[in-house]
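Structural overview
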Amino acid sequence: MTTIYLIRHGEITQERPRRFVGQKDLPLTEQGLEQASSLADFLAAQAIDRVACSPLSRCRETARIIGQRLGVVPQIFPDLREIALGAWEGLSVAEVKVRFPGCYEARGTNLAGFRPMGGESFVDLHRRVWPVFESIALGGEERMAIIAHAGVNRVILCRILRIAFKNLLGLDQDYGCLNTIHHDGKGYSVTAVNSYLANGELLPGTRGQE
């Protein structure tokens with residue numbers, strides 16, 4: 001049985017009003033660094049064989065802290081980077097509505113397939129992410145951690161749980177959360193979604209973070 005801990009990176013700074021991040025490279029906050037440290041302590045007890053991560057700094061830093069605790073050098077996979085939002089990155093919803101009339105609403109009616117100018121759809125993201133996820137998950141190690149992003153994690157979970165991509169935002173992915181996935185040689189199963197650590201204990205559910 002293979003166990004994959006699919007993790008979202010630690011907290012990053014969000015402006016108010018919120019802005020689309022996508023592949024914009026933002027560092028971890030102090031809270032994000034603490035979340036990475038807590039994840040490292042938890043994973044150290046799980047006999048992790050491998051750590052993989054997105055190339056964006058919020059994932060690389062989370063993975064560095066985890067890898068240092070485990071004595072494992074994280075492997076960087078470019079195709080685990082977050083969904084590209086093109087011309088929308090760094091803009092607020094209000095700014096998108098002004099600059100690209102009707103596009104925000106169009107994305108709302110076709111969340112799976114809509115592409116912002118110069119960006120990707122969630123269908124595109126899945127096509128990019130799934131092959132590299134499988135290459136890591138089926139690489140021969142028994143227990144591993146993958147540090148990625150909310151969008152990346154959601155398309156992976158949707159694929160395994162057979163949830164339509166149009167409903168993927170219903171899967172909460174808080175900063176520093178863990179999703180537990182198993183592969184038994186025949187297929188994947190998910191035993192935990194959006195779990196989080198509190199006082200060293202792994203708890204289910206959501207903290208209501210954005």
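Below: a short report on this structure. None of these values were measured; they are calculated from a predicted model.

Pairing between sheet strands relies on hydrogen bonds along the backbone, with the strands arranged either parallel or antiparallel. Strand order in the open sheet formed by seven strands is β3-β2-β4-β1-β5-β6-β7, with mixed pairing between adjacent strands. Two strands in the sheet have a free side with no partner beyond their single neighbour: β3 (75-76) and β7 (201-203). Running at roughly 170° to strand β2 (residues 50-53), helix α2 (residues 57-70) makes contact with β2, β3 and β4 (143-148) of the sheet. Set on the sheet, helix α6 (residues 150-161) makes contact with β1 (2-8), β4, β5 (178-183) and β6 (188-198); between it and β6 the angle comes to about 145°.

With that out of the way, let us pick up the environment of Asp49. Mapping Asp49 onto the fold places it in the loop between α1 (30-44) and β2. Put simply, Asp49 and Ala63 are 14 residues apart on the chain and 13 Å apart in space, counted from C-alpha to C-alpha. Of the polar contacts made by the side chain of Asp49, one reaches the backbone nitrogen of Glu142; its length is 3.1 Å.

Rules behind the numbers
Residues numbered from 1 in each chain as written. Predicted model: local features only at pLDDT ≥ 70, side-chain atom pairs only at ≥ 80, totals over all residues. Heavy atoms only, no water. Pairing = 2+ DSSP bridges. Helix = DSSP H or I, 4+ residues; strand = E, 2+ residues; numbered from the N terminus. Contact = heavy atoms within 4.5 Å. Axes fitted to C-alpha atoms, helices over the stretch in contact; angles between N-to-C directions. Polar contact = N/O pair within 3.5 Å; in protein donor to acceptor, adjacent residues only side chain to side chain.

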